[in-house]
Each structure stands twice: as structure tokens, then as C-alpha cells.
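# Report on the structure
As a plain string of letters, each chain reads:
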Amino acid sequence: MNENKKLSVWLPLIIALSVSLGIFIGNHYIKVSNGRTRITTGNNKINAVLEIIKEQYVDTVDMPKLIEGTIPKIFSELDPHSVYISAEDATAVLEDMEGTFSGIGVSFNMQTDTILVISVILGGPSEKAGLLPFDRIITINDSVYAGKEIRDTHVMKLLRGEKNSTVRLGVKRGQANELIEFEVTRGDVPVHSVDVAYAIREGIGYIKVNKFSRTTYNEFITAIAKLNQQGCSAYIIDLRNNRGGMMDAAINMINEFLPAGQLIVYTEGKSFPRSDVYSNGTGTCKEAPLVVLTDEISASASEIFAGAIQDNDRGIIIGRRTYGKGLVQNQIGLNDGSQLRLTIARYYTPSGRSIQKEYELGKGEDYDMDIYNRFMHGEFDSADSIKLDDLPRYKTTIGRTVYGGGGIMPDIFIPWDTSGITSYYSSVINTGMLYQFALEYSDRHKKQFAAYRNYRDLYDYLTQQPILEEFTNYAVTKGVRKRPALIAISGPLITNQIHAYIIRNFFDEEGFYPIFQQDDPVILKAVEVIRNGESFPVPDEYPDTTTENVAENKGGATKRYSHIKETPHARYTV
């Protein structure tokens, strides 16, 4: 009887538990039907699949590695600018946007498998420790890093590090046989986003901005103040090769040029209602003549800047159609230090144009080929290749017609400058030979050149030297034979770039850009527009364009092409 009572008490509970367990297993794990495995998981399919792999796969799987490889594939099915940033890469991305990192404070280049210090940042850790330009770093923490192949990125990881940590360097200086030992305490090293600011002509200031980071606005204001002291009251803002960055930095810069109450940009997305940003009238350059330079690499925040200036009829845009990146990303941090950069909205210019060019979800490779297709279509050589009839039209504040469809069309189109480009030039520029020659030439004459007080005096000296002949002889030793007819065409271009690279090694960007860009047709046109008083747009009228291929209201990619003349990025800062 007692046994029957116990059974009557526990049996319902046992049955209930059995049924519940069966439902749980049936809904969330594996059912076998007709010899096939089937998963029923609801919205947690990814987690269920990973769990099944972990529990049942034939071999042991490195699950964290599998997950790290899976997440980017998920993001690849979204728009081209939504990305997953691993914890390993997130620090570098953050440093780039913050405008500072912790390191030893030098710029270097890998010269014949040796770390060559090109410049030492003033007031930085290495200057305090006693390093000098053209020192060669042979050992790092007692390990030899000379005479072996080593990637620039690996050197950067070795020399950057936590603030106040130390690194031991063995340095070869000049012809000395013994290494000089240094212990450098890492510290904050600035990452400048304003490359240079100088008076390009009397009364006209030139400012080149390479990205928009947290420090950009302060750097920009400092540049404006410097140029004002030099008597500049008109400005050329160069955003070519600027892939964008922080929107707030661009907005603050635009605000300097607009009166109060002007729409700068607005954003809108499925889960984010329209948000407008207006100028507040506190800018210091509201009346200054302004020209903005763009190209096919100018993207994101660069396009916000150019679009706001154009739509508000505040200045003239000169160059070529911009990249067309107008998606707003929200950066979301995960517990392990990795980041999700997720698109949440679109940018629109004041006239209502979407900056973003067309794309298809999951077709990132086709999207990346857009710049190449534009190049092959002839867009960089002629504005007539852009079919405006197929593009949506918008109106600026004074009624000028501007075009949507992706990117910002410049008011004055300037084609690629291909003067001096030959197969000989391409063969020496693609291998970095010009830069390496300039570096070795600078090293041989470092004492002499360091004695010059300004870059102009050094430039005057260099123009009297047979540098082109020396270079072509140098190129022969590197396997590039002399081709007199082609050298005659490319000679002025080659010589000018070598001069600029040499000067850069002693006077940094302040000396480099005035020489490197002295014949830049886009800058020359910008100067002409300002001098002719044509930097303020007027209805249905455009600046004089008798010599350029100009389209009425016509106008970063990662690809490069062999005949593009551009600043080489062979200097790395650590």
C-alpha cells in the first residue's frame, strides 16, 4: 500500500519532467527523420550550428578562431562599409581616429633590410633619448633586425607599445663600428591629419587635410591662425586622397565658413529618424574666398565637407567626382575588444542629395571595382564621360543645378595630369626607386643638407646638381635600362619628385609640398579662380574655363594605378 502511495505521488511528476525534457530536446536539438539530420533552432541557428560543430565534429575545432573567421563573412553579406574589426586590429583603428598613439616617436623606412630613422619627432621619446635622423636600428630588445626581410607592419608592432613601457635599441650611427645602446620610454606620439598649411601665393593659404580625426578641427584652426598671421585671407582646402573619418570634425570645419542657420548635412535611416545639423554662425572665415579640391579617393567626411560648401554656394569645388561613400556607421565595442562598425543611416547634402553610390548587398567585390570601371570608362580624363541626363537633379541655395547618384561632382573638372608619364617613369615609380634613391642621396649628404636654414636654399642647390643623370645610372644598377627618349619626356617630373623627397627628409612636409606640387594643375586652377574673384558661385554662371575640360556642375577607393602621380607612403611613424 505504501509503495502504491509513493508511486501515485511521484508518477505524475516523473511524467511531467519527461514530457518537458522531450519538448526541450525536440525543439532545440536534433531530430532524426528518414535517416537525415535536421536542426530546429528558431532564431538561434548560428549558435546551434556552432554548438553542434563543437560537440559532434570529428576533430577538435578551435572555436574562437572559427568564430573570428565566421563573423566577417556575415558582414560581407551587408553593405560594403559595415565591417567587423578584430580586437587585434581595433587598437590601430582607434589610434588613427584618436590622432595619437604610444610609441618611440620616429619616422622610419626599411632601407636594404635595415630600419632607417628618417626623422625624429621634436619633443618625443626618441629625441629625449638621443636618437638622430639617419640612425640605423640594428637590434630591438637584443634581437637583431638588420640583414633580414621584415615587414614594416611588424616593425611598427615592435616599436609601438603601452605608454611608459621601455624598448632597448641598438643603433648604428654613421661609420662607427660599435652599436650605440638606447633605452627609450614610449610616450604619446601625435598623428597629424593636417599635412601642411602654407601661403601658396600672396594672400592665399593652402591647407591639406589627409583625414578627419578627433584632432583635425584643432589642427585646422591652428593652420588658419598661422595663415592669417602670414596675411592670407583666402583659402584652398585640399581633400584629395582623403578617405574621411569623423563626421564631427568635418562639421566643425564647415562651420568656420558658413553664416548661422545654414544646413550642413542631415542623416536618416530605418531606425534613426532624420537629424539635421546647422551652422551656428561662430565661424572665423565666413567671408573668405574658398576653393575645395577633390578627387575619386575623397570619401565620406570629405564629401560631407564638399557637398555642404557646394549646396550652400559658399565656394567652388575643383577636381574630379568624389568616391561616393555616404553611409553612417555606428561603432559598437564587444567584450573582447573587437568592434562592429555597422551602417545605421545615410548622409544627405543640404540640397537632399544622397552621397552614397549604388551597391548591392553582399557584392563588395563589384563595389570595389567601381573606381576601376570609372577609370576604364574615361571619367578621370574627361567629364563628358559622365552621363548627367541619367542622374537626379537638385538645386543649391541660389538655384544652381547639382547632381545626385553618388559622390560630389566638382564645379570645375580637371582631368588627371599625365604630363611626363612614360613607361620608364612607371617602371621606376612602381618599385619605389625614386624614393629609395632620394633616401640614399640624403644619407650621403646629411651633414651638408642639415646645415641649410630653409628648404628654398636647399632646393636652389639641388637644382644645380646632375641629379637626373645620377638617378638614371642608379636605376641601371637596379635593372632598369636607360631609355633616352622616354627620359627626356619624364626627366622634369622625375627630377622634381626627387628634389621634393630629398627636401622632405630635412624639412618634412613644410618643405615637401611646395616643391612636389608646384606644377599641380588643380592647385594652379584654384589659385586662378581666387585671383579672378570667381570663388563665390553665381546663378547660371561658372568660372572661366577656357583651358580646362569643364562640365557644367560636374564633378576611398583602395585601388592604385601605375601612372598616378601621388605622394608615396614610404615613411612609417612609430
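The structure contained in this document is the topic of the report that follows. (Residues numbered from 1 in each chain as written. Predicted model: local features only at pLDDT ≥ 70, side-chain atom pairs only at ≥ 80, totals over all residues. Heavy atoms only, no water.)

### Looking at the overall build of the chain
Each helix and strand counted, the chain has 18 helices and 24 strands in total. Counting across all 574 residues of the chain, residues that qualify as buried make up 47%. (Helix = DSSP H or I, 4+ residues; strand = E, 2+ residues; numbered from the N terminus. Buried < 20%, exposed > 50% of the residue type's maximum accessible area, 1.4 Å probe, protein only.)

### Some words on the nonpolar core
What tends to happen in soluble globular proteins is that the nonpolar side chains get buried as a cluster. Judged by nonpolar contacts, the single largest core of 58 residues is most densely connected at I236, I318, Y424, F471, I498 and I502. Those residues in contact with Y424 that sit more than four places away from it in its chain are F471, T472, A475, V480, R481, R483, L486, I487 and I494. In terms of nonpolar packing, the next biggest core, distinct from the first, is built from 38 residues, I207, F220, I224 and A306 among them. (Core = buried A, V, L, I, M, F, W, Y, C linked by side-chain atoms within 4.5 Å. Contact = heavy atoms within 4.5 Å.)

### Here we look at a nonpolar patch on the surface
Together, L78, I332, L334, L342 and L361 make up an exposed nonpolar region whose accessible area comes to about 380 Å². Structurally, L334 can be placed in the loop between strand 19 (327–333) and strand 20 (339–348). Residue class for L334 comes out partly exposed when judged on its relative accessible area of 34%. (Patch = residues over 30% accessible without salt bridge, like charges linked within 9 Å, V, L, I, M, F, W, Y side chains within 5 Å. Areas by Shrake-Rupley, 256 points an atom, 1.4 Å probe, with all protein chains shown as cover. Salt bridge = Lys/Arg side-chain N within 4 Å of Asp/Glu carboxyl O.)

### Quick notes on the packing of helix 7 (residues 216–229) against helix 8 (residues 247–255)
One way to put it is that helix 7 packs onto helix 8 with a least axis distance of 8 Å and a crossing angle of 25 degrees. In this view, helix 7 runs roughly parallel relative to helix 8, as classed from their interaxial angle. As helix 7 packs across helix 8, the resulting crossing turns out to be right-handed. Two secondary-structure elements touch here, helix 7 through T216, Y217 and F220 and helix 8 through A249, N252 and M253. Within the contact of helix 7 with helix 8, the residues separate by chemical class into four nonpolar, two polar and no charged. (Axes fitted to C-alpha atoms, helices over the stretch in contact; angles between N-to-C directions. Parallel < 35°, antiparallel > 145°, perpendicular 65-115°, else oblique. Left-handed = near helix turned anticlockwise from the far one by under 90°. Nonpolar A, V, L, I, M, F, W, Y, C, P; charged D, E, K, R; others polar.)

### Concerning the side chain of S490
Examined against the element boundaries, S490 turns out to sit in helix 17 (residues 484–516). Classification of S490 as buried rests on a relative accessible area of 0%. At 2.6 Å, the side chain of S490 and the backbone oxygen of G420 are in polar contact. In this structure S490 touches G420, I421, T422 and Y425, once residues within four positions along its chain are discounted. (Polar contact = N/O pair within 3.5 Å; in protein donor to acceptor, adjacent residues only side chain to side chain.)

### Notes on the sheet that holds strand 13 (residues 204–209)
The six strands are arranged 12-13-14-17-18-23 in an open sheet whose pairing can be described as mixed. Where the open sheet ends on each side, the last strands, each with one partner, are strand 12 (194–201) and strand 23 (412–413). Where strand 13 meets strand 14 (residues 234–238), five bridges bridge the pair, whose relative direction is parallel. Paired with Y206 across the bridge in strand 14 is I236. Where helix 7 meets the sheet, it contacts strand 12, strand 13 and strand 14, and its direction lies at approximately 20 degrees from that of strand 12. (Pairing = 2+ DSSP bridges.)

### What about unusual backbone geometry?
One non-glycine residue with positive phi stands out, namely N141, at about 50 degrees. Looking at where N141 falls in the secondary structure, it is placed in the loop between strand 7 (136–140) and strand 8 (143–144). Taking relative accessible area as the criterion, N141 reaches 34% and is therefore assigned partly exposed. Unusually for a residue other than glycine, N241 sits at a positive phi of about 65 degrees. Looking at the element boundaries, N241 is found in the loop between strand 14 and helix 8.

### Observations regarding the packing of aromatic side chains
One pass over the structure, following the stated rule, counts 19 aromatic pairs. Consider the rings of F257 and F305, whose centres lie 6.3 Å apart with planes at 85 degrees: the pair is edge-to-face. Highlighted residues: F257 in the loop between helix 8 and strand 15 (263–269) and F305 in helix 9 (residues 301–311), separated in sequence by 48 residues. The class for F257 is buried, based on a relative accessible area of 0%. Between F449 and F506, the ring centres sit 5.7 Å apart and the planes meet at 85 degrees, which makes this aromatic pair edge-to-face. Note that F449 is positioned in helix 14 (residues 446–450) and F506 in helix 17, a separation of 57 residues in sequence. Summarising the burial analysis for this pair, F449 and F506 share the class buried. Three or more aromatic residues joined by ring pairs make a cluster, and in this case those are F134, F437, Y441, F449, Y452, Y461, F471, Y474 and F506. (Phe/Tyr/Trp six-rings, centres within 6.5 Å; stacked < 30°, edge-to-face > 60°.)

### Looking at the packing of helix 16 (residues 467–477) against helix 17
Relative orientation of the contacting elements helix 16 and helix 17 amounts to 100 degrees, with a least axis distance of 9 Å. Judged by the inter-axis angle, helix 16 sits roughly perpendicular to helix 17. For the pair helix 16 and helix 17, contact is made by I467, L468, F471 and T472 and by I487, G491, I494, T495, I498, H499 and I502, respectively. Residues that form the contact of helix 16 with helix 17 fall into these classes: seven nonpolar, four polar and no charged.

### Here we look at the pattern of salt bridges
A full pass over the atoms with the stated rule returns 19 salt bridges. Of the charged contacts in the structure, one is a salt bridge between D370 and K357, with a shortest N-O distance of 2.9 Å. Here K357 lies in the loop between strand 20 and helix 10 (364–368) and D370 lies in helix 11 (residues 370–376), a separation of 13 residues in the sequence. Judged by its relative accessible area of 24%, D370 is partly exposed. Note that E470 and R444 form a salt bridge whose closest N and O atoms lie 3.8 Å from each other. Remark: R444 occurs in helix 13 (residues 433–444) and E470 occurs in helix 16; sequence separation between them is 26 residues. Residue E470 is classed as partly exposed on the basis of its relative accessible area of 31%. Because the salt bridges share partners, they merge into one network encompassing K208, D238, R240 and D520.

### Some thoughts on helix 6 (residues 152–159)
For helix 6, every residue scored as buried is listed here: V155, M156 and L159. Down the axis of helix 6, the buried set is contained in an arc of 100 degrees. They therefore lie on one face. (Arc of directions from axis to C-beta.)

### Here's the deal with the pairing of strand 20
Pairing between strand 3 (residues 83–85) and strand 20: three bridges, direction antiparallel. Paired with Y84 across the strands is L340, a residue of strand 20. Two strands pair when backbone bridges link them, and strand 15 and strand 20 are joined in this way by three bridges, in the antiparallel orientation. Bridging from a neighbouring strand, Y266 pairs with Y348 of strand 20.

### Description of the pairing of strand 17 (residues 290–294)
Extensive coverage of strand 17 is indicated by the burial of five of its five residues. As judged from the four bridges shared by strand 14 and strand 17, these two strands associate in the parallel manner. Residue Y235 lies in a different strand from strand 17, and its bridge partner there is L290. With four bridges joining them, strand 17 and strand 18 (residues 316–319) adopt parallel strand pairing. If you follow V291 over to strand 18, its bridge partner there is I316. Following the backbone out of strand 17, through helix 9 and into the adjacent parallel strand 18, one traces a crossover that is right-handed. (Right-handed = clockwise from strand over helix to strand, strands pointing away.)

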